[in-house]
Every structure is written in structure tokens, then in C-alpha cells.
Amino acid sequence: MEAKAFIEITRPHNCILAGVVGLLGSIVAVGHFPSAIKDILVFLVVTLGCAGGNTINDYFDYEIDRINRPERPLPRGAMRRRTAFWYAMLLFTTGLTLAVFVNLYAFILAVLAYVTMFFYAWKLKPMPFIGNLTVASLTGATPLYGAVAAGNIGLAGYLALCAFLVNVAREVIKDVEDVEGDLAKGARTLPIVWGRKKASYVGSSFAIATIFASFLPIKAGVGLSYLAMVPVDAIILYSAFLVLRSQDRETAHRAQKLLKVSIFLAVMAFLFASVVR
């Protein structure tokens, strides 16, 4: 067993990014830092939840990762599956304990998100489109959690909608990338059921819907600060173009990675809009 596997299995860069998005969700909601203690709690609750979700996902995805990602800790033998399961439970428990000290609504949302993460990894992930919608909802809930913790939704509601839509696109395109391993496991993802081309149209449609949704904050008085979203929309549009042009694994990987980057850039754009409005 490798000690570094306990960090690696959580995908720490993803977890830290999620924690930052949760924290920025608080700022977007109220236009400033709510409070130092609450900010730290929001960051930790989101980060630990993401870490637990990634760990339990690897636990349930052991067989598929042996094909798609053999370098991951469990397939390469750096950690036992049983250890990964209980490690995930520890991360979830710690996160929920901290959520108690945020506020009641934030605790309830954390419980719902954590339970959904577990069931997503266990049962929902292989289901055509249902799994995609579930993980996209969890991503959209990240900035929303920060807003709930701050006691105000504000622009974070629009951000959550955009995050949901762009993540549906990313998850579908990611399934296009992972067709070989998913077939070996017997999963029935959208590209397997409908074919890569049709699935790419679905993913691209949600990417374009994200661009339209990004205009909604203008009605909330954001004004010219919307221009901060223009480069983000360009990246999203380019990602859709890539996967429509070709559905090979390398292109799908590139497109979904660009969409992942666009999520963080969108948060920064909304942050800018909330501060200067």
C-alpha cells in the first residue's frame, strides 16, 4: 500500500477546484466574503465531499478502471478496495460534521449531495443519461452550496444553472471518450445506446444551451460586465465544434477537458460580474 495513494485517489486538484468554486459561490451570491470562518467551512465541506465522492467512485469503478485508467491507485494495487471504501466513509463523515457548523440549510444540502454522490457511483453512473444528469446536478450544486451558506442566492443561481448545463455536456462527451471501457463493464451509457455521433449531438446541444443561459444575468442588471463571459462561451463553443467534427477518443478527451476549464473560468467571470455590478 502506498501512502501517496490516499491523496491520489481523491483527485486532489479536482477537490481543491470544487472547494474554490464553493467558496466563490458564496462571494458571487453576496458580492463579498461572508466571513472567514464560514468561508473555510464551505471550502472544507465541498472539498471533503468531492474527495469522498472520487474515492467511492474508484471503489465501484475498479473493473472499468482496469481498462480505461490502469494507472489509478486501485487497479495498480497501491490501495486495497476495502480500504478505499472506508476511507471514503471517513471523508464523508468529516465533511458532514463540519457542515453542521455552517447552517441548517447548508447541512441538508450537504447530506443530499453526499448521499447522491454515493448512489451515483454505486448505481446511477452506468444508466444512460441519468448518470450524466446526476453528476451535472452535483457540480451545479457546488456554487449553490456556497450561496446557501452565505444566506443569499443572487447571481450564484445563474452560475449553478450554467454549471449544470455545461457539465451535462462534459459528462456525455466524457462517455464518448470512455466507450471501450464502459462496453467491457457492460455499462449502458448514452454513446453505447445511441452511438457516439448522436451522443455528441446531445453533448453539444447542452454546451450551446450553456452559452444561451450565460446571457440570463443581464436581466439581473449585470450589464457590460457580462463581457467577462465571452471568452468562456468561445471555449464552450469550440469544444462543441471539436466533438461534432470527430468522435475519436483523443478528440473527446480534449473537448471534455476544455469544458472542465470553462467551468472554473465561468466562476471567475460571474465573480467579476458580482463585484463590479
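Residues numbered from 1 in each chain as written. Predicted model: local features only at pLDDT ≥ 70, side-chain atom pairs only at ≥ 80, totals over all residues. Heavy atoms only, no water.

(A) Up close: the packing of aromatic side chains. The tally for this structure, following the rule as stated, stands at 11 aromatic pairs. When the ring of Y59 is compared with that of F85, the centres are 5.3 Å apart and the planes differ by 55 degrees; the resulting orientation is tilted. Within this pair, whereas Y59 is found in helix α3 (residues 36–60), its partner F85 is found in helix α5 (residues 81–99), the two being separated by 26 residues in sequence. An angle of 45 degrees between the planes, with centres 5.3 Å apart, marks the rings of F92 and Y114 as tilted. With F92 in helix α5 and Y114 in helix α6 (residues 104–124), the pair connects residues that are 22 residues apart, well separated along the chain. Of the two residues, F92 and Y114, both sit in the buried class. In this structure an aromatic cluster arises from ring pairing among Y59, F60, F85, W86, F118, F119 and W122. Taking NZ or CZ as reference, R81 lies 4.6 Å from the ring centre of Y59, over its face. (Phe/Tyr/Trp six-rings, centres within 6.5 Å; stacked < 30°, edge-to-face > 60°. Helix = DSSP H or I, 4+ residues; strand = E, 2+ residues; numbered from the N terminus. Buried < 20%, exposed > 50% of the residue type's maximum accessible area, 1.4 Å probe, protein only. Lys NZ or Arg CZ within 6 Å of the ring centre and 35° of its normal.)

(B) Quick look at the pattern of salt bridges. Counted according to the given criterion, the structure contains 10 salt bridges. Between E8 and R76 there is a salt bridge, with its nearest N and O atoms 2.7 Å apart. Taken together, the residues span a long stretch of sequence, with E8 in helix α1 (residues 5–8) and R76 in the loop between α4 (62–68) and α5 at a distance of 68 residues. Among the salt bridges present, the one from E63 reaches R66, with a minimum N-O distance of 3.3 Å. Placement of the pair is E63 and R66 together in helix α4, with a separation of 3 residues, close to one helical turn. (Salt bridge = Lys/Arg side-chain N within 4 Å of Asp/Glu carboxyl O.)

(C) The confidence of the model for the chain, seen in detail. Residue-level pLDDT values for the chain average 90, and 97% of them are 70 or greater. Within the chain, the lowest mean pLDDT, 78, falls on helix α9 (residues 179–185), and the highest, 98, falls on α5. (pLDDT = per-residue confidence, 0-100.)

(D) Local environment of the packing of α5 against α6. Contact pair α5 / α6: the axes reach a minimum separation of 9 Å and the direction vectors enclose 165 degrees. Compared by their axis directions, α5 and α6 come out roughly antiparallel. For the element pair α5 and α6, the recorded crossing hand is right-handed. In this structure, α5 contributes F85, M89, F92, G95, L96 and A99 to the contact, and α6 contributes F107, A110, V111, Y114, M117 and F118. Taken together, the residues that form the contact of α5 with α6 break down as 11 nonpolar, 1 polar and no charged. (Axes fitted to C-alpha atoms, helices over the stretch in contact; angles between N-to-C directions. Parallel < 35°, antiparallel > 145°, perpendicular 65-115°, else oblique. Left-handed = near helix turned anticlockwise from the far one by under 90°. Contact = heavy atoms within 4.5 Å. Nonpolar A, V, L, I, M, F, W, Y, C, P; charged D, E, K, R; others polar.)

(E) Region of the structure containing helix α8 (residues 156–177). For α8, which comprises 22 residues, the first-to-last C-alpha distance of 31 Å matches the rise-based estimate of 32 Å (1.5 Å per residue) to within 8%. The element α8 is extensively covered by neighbouring structure, given that 18 of its 22 residues are classed as buried. (Expected span 1.5 Å × (residues − 1).)

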